[in-house]
Amino acid sequence: MHPSIRPYLEYFSLPKGYGPAGLRWSANGEALETDEGTHRFARQVADFLDGFATVRPVPHFAHILECLGLLGVRPPAICPEPERFKLVAATFRQLGSPMRNAGALFAHLAATVPLAVHVPPGGGKSLAHWLTHSPSLGFLHPAGPGNPEIPGVAAHAFHERIATRLRAMTDFEVRHWLRHGVGPQDLPADQLAEEIARKPPKLGEFLDDAVRERARLRGAVPLVRQFVGALALPPRRRTPPKLPVGGYADVTNRGDPARLLPSQLALDPDEFVRRFAENELLFFRREDPHERRREHLALVVDQGVLTWGPVRLGLGAAALAFGRVAARRGQTFSVRFGSAPTQRFTPPAGDAQRFGEALEASDLASHPGHALAEEVLDPSAPDRDIILLTHPRVLREPEITRLSKVLARGCRMFALAATEEGQVELAELREGGAVSVRRFRVDFAPPAEKPAVREVPPQTPWSGDIEPIPYPFRFGLTNRVIGLALDAAGDRLMAATVNGFLHVWTLADGTVEVLPRGSHNAQILKDVHAVMGVENGFVIGGRMGADLVAIHYDWRSRTVALHAIRADAKPGPGRWRAYPGLHSVAVTAGDFFRGLDLRTGAILPPTDGLVSAFAAATVNAAIKTTLASASPILNVPVIRVGETRPGNGTYVVIDGVLGKVRVELPSGAPVAFIPTTDGRPRLKGANITGAQVAGDTLALATGTRSPVWSLHDLANDGRTLAEYPPSRSWVKTATLSIDGRLFARQTGRCELTVTDPWANTNVLTTAPGRCHSNLDVRLGSSYLGLSIGQHAALLDWSSGPLRVRHDLGAGDDFGRLAMLRLYPASAAEDHGGRVAGIYRTRKRHIIADCFGQVAVLCDGVPAVMFMYRRGELAAWTPDGVLYGPAELTGGPPTPDALFRLGEVLRRAAE
């Protein structure tokens, strides 16, 4: 018999003189039976014990048998008040109460009965669980192996004590116990409310109280969600690596080859195969644990000198996240801190304020070896998972390595290491070294709040050299970004995407606007080479056909002017530069050079051939000299030490051996410095792929596929202002503002972030755009059907106001009311890659573009435009009618919008 099951078998042994005559366990251990038949099923006995243990510890099993006998139809002969106990048993059967409630009642009645001494760990709960999961009592002896403990009182004395307690109870109290498993509560309402209020807090509530109004932990709270989703320890092994001798309790016909009975190997080979196919081979069955071992989580938080700053925020968030994970999984939880190594906190017990003070404290130690040793060598601690929250460099300390090798049996050690860049690694510390379990990244910058949709007054439509179909709806960024720029004042951010689509955000309120593209002679600018910020607007440089063109967006007048720089220029992009101080832009392509004055529209040198070649060269040189002194934003060249210098302009020299950076400036002495991390050169051997200089700010891009941007203060010996780790491997677009105070970069597929590196704050984070490029459009005489997925809307303008119906769909052509489909647009009709489908009549066109906008055109001019997204319809007309959600239209709906839309559509149909 295995030692682990012997206490259970001894407890459930049947003593003589207790219970009905001839009581014994059945052969399979599933019931107690007598000569007259089954007395009680093992499941009933287990439920009775479970209910008994909720009130008080269990007595000797002989007293449990007497209690079960009192619930029968005929109480035992030695019962002093048989009629009263018959009434209790009848009430029990009438209520159909579970045995658990009856066990609670008899635990209340047996309050003066001595407790049992020889009880397995876990008490009555453990006994009840074992009895239902390991019914192996009857295979030893019908009465069990015997219990060395003698019952605390004789049977007649036990009944006297039970009857005495029952006399003091009313029938109402007995009925309440049997119905609810607890006694009636006759306390006043105020006292009951006070009892509930004194209930100990849960672990999550304790942690919330600990960090509330903690200034140093305020930045860690937003990071908790990121850690909770990434923290998961590997499961413990439920079986030891080696099979212990004598650790089996039964025989079964299934198992693995290691547990095959030796006698089965002596069978004839054919008989062995037959028994294997019929599941008749015999295997040992292991005696599994009767109760799941409750796991304990022990944290050791490093608060030393290597974990200050952003790392400290990450480790504080990890400590809070582990606490929430432990609460969710029902694990016990304890924490030790480097600043108080000898004190062991066990939330939710203890003072939450004291715990919060310890969590935000700091110390000057180089590693948390003292606190870790207190936890590892604590003899009173249970089997646990020890997790060290620290910096990666601490894991190389000899003391940490030594402690990972002296773990007690049943303990595991992990380390959660975080760096200043937000790289986090969870590793298991074993005798052979650290084994990585999981790696992830955390953004230490707090998430930007989603800007509320603000209702803005209707803006003046754009005019000038633009495409005829506007973009009235605010659907955000949806395509790949190819260019970014901030205007001269730093008030707006422009992003150009594929096919030349332009999005502009206002930094003050986060509103977005899609601008019409430049157009001339039915051609639309799709090939964008550069996006440049100037005073009160932007300039787009690109190629339209064979012409290099510059398109100026003036925000004050909301006009667009297209300037043809040169016709028949050589293929390939030009190199564009903006000079906000001169309100000019310049483009170079090989030996070709032109400058554009945005105030007058003049192009210098002149292209009309009215000056000699010598005069043109002189003007060209003068313009270049003037523009070079205007200090533009520069994407400056980056060279290695020993390479040929690019000229007299601004450039960056990198010494890869020393990790040194030298910035050569046209005016003033060069600035040289060595960027470091943890005292080590950060750029040693790094690949610098780009550099920008604006004002006193230098931005360096390190890496090709996933560049890391670092910003430096050139006026303060290259001091590092900020460092932005990569968000995605394909994100490379970034730009400084003209004065170098703002830095805009792409942080997601359709997400842009503007930060102020000097103040270390987020200025703007754009929300990803959402639109339906595969909108299904159907047409009828006075109907327009729009559908995407499960959402559908039928627009009916046959009479009165426009009606929007959602009860019809595209499956039956919207009830046969809208049956005509759009056909694919040809190259001459696609409006610069924008139009996806078109339906044309003599004077009316219906088009659907790649953003899910639907326009009704009359003589080429939009009469009304719709956008259908997520089951919501938005509408716009050139005279200012708005309908739909403000997040799409940018303003409140017009009061009589549906009436006016119906009239516009009927006029367009006529």
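Note that the structure is a prediction, hence the values are computed from the model and not measured.

For the rest of this paragraph, the subject is the overall build of the protein. In terms of helices and strands, the protein carries 20 helices and 54 strands. Within the protein, buried positions represent 48% of all 910 residues. Considering only contacts within the protein whose residues lie at least 6 apart along the sequence, 56% involve residues at least 24 apart. Accessible surface computed for the protein: about 43,800 Å², of which carbon and sulfur atoms make up 52%.

Ranked by internal contacts, the top residues of the largest apolar core, which has 50 residues, are Y11, F12, F48, L49 and F61. Among the secondary structure elements, those contributing two or more residues to this core are helix 1 (6–11), helix 2 (42–53), helix 3 (61–70), helix 4 (82–95), helix 5 (99–109), helix 6 (123–133), helix 7 (155–167) and helix 8 (171–180). It is helix 5 that provides the largest number of residues to this core, a total of seven residues. Aside from chain neighbours lying at most four places away, what touches Y11 is L49, V58, P59, H60, F61, I64, A116, H118, V119, L127 and N147.

As a further point, take the packing of aromatic side chains. The geometry of an aromatic ring pair is captured by the separation of the ring centres together with the interplanar angle, meaning the angle of the planes. All chains considered together, the criterion is met by 23 aromatic pairs. Between W25 and F61, the ring centres sit 6.5 Å apart and the planes meet at 10°, which makes this aromatic pair stacked. With W25 in strand 1 (residues 24–25) and F61 in helix 3, the pair connects residues that are 36 residues apart, well separated along the chain. With 6.0 Å between their ring centres and 45° between their planes, F48 and F106 make a pair best called tilted.

This next bit is on helix 14 (residues 352–360). Listed as buried for helix 14 are A352, F355, G356, A358, L359 and E360. The secondary structure elements touched by the buried residues of helix 14 are helix 10 (203–211), helix 13 (310–329), strand 7 (332–337) and strand 8 (340–345).

Next up on the list: helix 10. The complete set of buried residues in helix 10 reads L203, F206, L207, A210 and V211. The buried residues of helix 10 all sit within an arc of 120° when viewed along its axis, so they share a single face. The secondary structure elements touched by the buried residues of helix 10 are helix 13, strand 7 and helix 14. Just downstream of helix 10, E213 is the residue with a positive phi angle, here 60°.

Attention now moves to the sheet that holds strand 12 (residues 433–441). Backbone-to-backbone hydrogen bonds join strands into a sheet, with any given pair of strands oriented parallel or antiparallel. One open sheet accounts for seven strands, arranged 8-7-6-9-10-11-12; its pairing is mixed. Bordering the open sheet on either side are strand 8 and strand 12, each of which pairs with just one other strand. Neighbour to neighbour, the strand axes of the sheet diverge by 20° on average, direction disregarded. Where strand 6 (residues 296–301) and strand 7 come together, six bridges link them in parallel fashion.

This part takes up the pairing of strand 30 (residues 651–655). With respect to burial, strand 30 is a largely interior element, four of its five residues being buried. Of the pairings in the sheet, the one linking strand 29 (residues 638–640) to strand 30 comprises three bridges and is parallel in character. By the bridge assignment for strand 30, R640 is matched with I654. For strand 30 and strand 31 (residues 660–664), the ladder comprises five bridges, and the chain directions are antiparallel. Within strand 31, the residue paired with D655 across the bridge is K660. Counting the residues between successive antiparallel strands, the hairpin from strand 30 to strand 31 contains four residues, one of them, G659, with a positive phi of roughly 70°.

So, about the confidence of the model for the protein. Overall, the predicted model of the protein reaches an average pLDDT of 83, with 88% of residues at or above 70. Taken as a whole, residues 608–615 scores under 50 in pLDDT and shows one contact with residues more than four places along the chain or in a different chain.

This part covers the sheet that holds strand 42 (residues 761–765). The four strands are arranged 39-40-41-42 in an open sheet whose pairing can be described as antiparallel. The outermost strands of the open sheet, each flanked by one partner alone, are strand 39 (734–736) and strand 42. Going from strand to strand, the sheet's axes swing by 25° on average, the running direction of each strand aside. Pairing between strand 41 (residues 751–756) and strand 42: four bridges, direction antiparallel. Residue pairing for strand 42: T755 is matched across the bridge by N762.

Attention now moves to the side chain of H712. Its place among the elements puts H712 in strand 37 (residues 708–713). A polar contact of 3.0 Å, which involves the side chain of H712, links it to the side chain of S710. A polar side-chain atom of H712 sits 3.3 Å from the main-chain carbonyl oxygen of G718. Excluding residues that lie within four positions of it along the chain, H712 makes contacts with F673, P675, R682, D696, T697, L698, L700, G718, R719, T720 and L721.

A cis amide bond, omega 5°, links P347 with the succeeding residue P348. Residue placement: P348 occurs in the loop between strand 8 and helix 14.

Attention now moves to the pattern of salt bridges. Applying the stated criterion across every chain yields a total of 37 salt bridges. In this structure, R384 engages E375 in a salt bridge whose closest nitrogen and oxygen atoms are separated by 2.8 Å. Note on R384: relative accessible area 2%, which makes it buried. Of the charged contacts in the structure, one is a salt bridge between R439 and E425, with a shortest N-O distance of 3.3 Å. Pair noted here: R439 is in strand 12 and E425 is in strand 11 (residues 423–430), with a separation of 14 residues, a long-range link. Among the charged side chains, a salt-bridge network with shared partners connects R43, D47, D50, R100 and K125.

Calculation notes
- Residues numbered from 1 in each chain as written.
- Predicted model: local features only at pLDDT ≥ 70, side-chain atom pairs only at ≥ 80, totals over all residues.
- Heavy atoms only, no water.
- Helix = DSSP H or I, 4+ residues; strand = E, 2+ residues; numbered from the N terminus.
- Buried < 20%, exposed > 50% of the residue type's maximum accessible area, 1.4 Å probe, protein only.
- Contact = heavy atoms within 4.5 Å.
- Areas by Shrake-Rupley, 256 points an atom, 1.4 Å probe, with all protein chains shown as cover.
- Core = buried A, V, L, I, M, F, W, Y, C linked by side-chain atoms within 4.5 Å.
- Phe/Tyr/Trp six-rings, centres within 6.5 Å; stacked < 30°, edge-to-face > 60°.
- Arc of directions from axis to C-beta.
- Pairing = 2+ DSSP bridges.
- Axes fitted to C-alpha atoms, helices over the stretch in contact; angles between N-to-C directions.
- pLDDT = per-residue confidence, 0-100.
- Polar contact = N/O pair within 3.5 Å; in protein donor to acceptor, adjacent residues only side chain to side chain.
- Salt bridge = Lys/Arg side-chain N within 4 Å of Asp/Glu carboxyl O.

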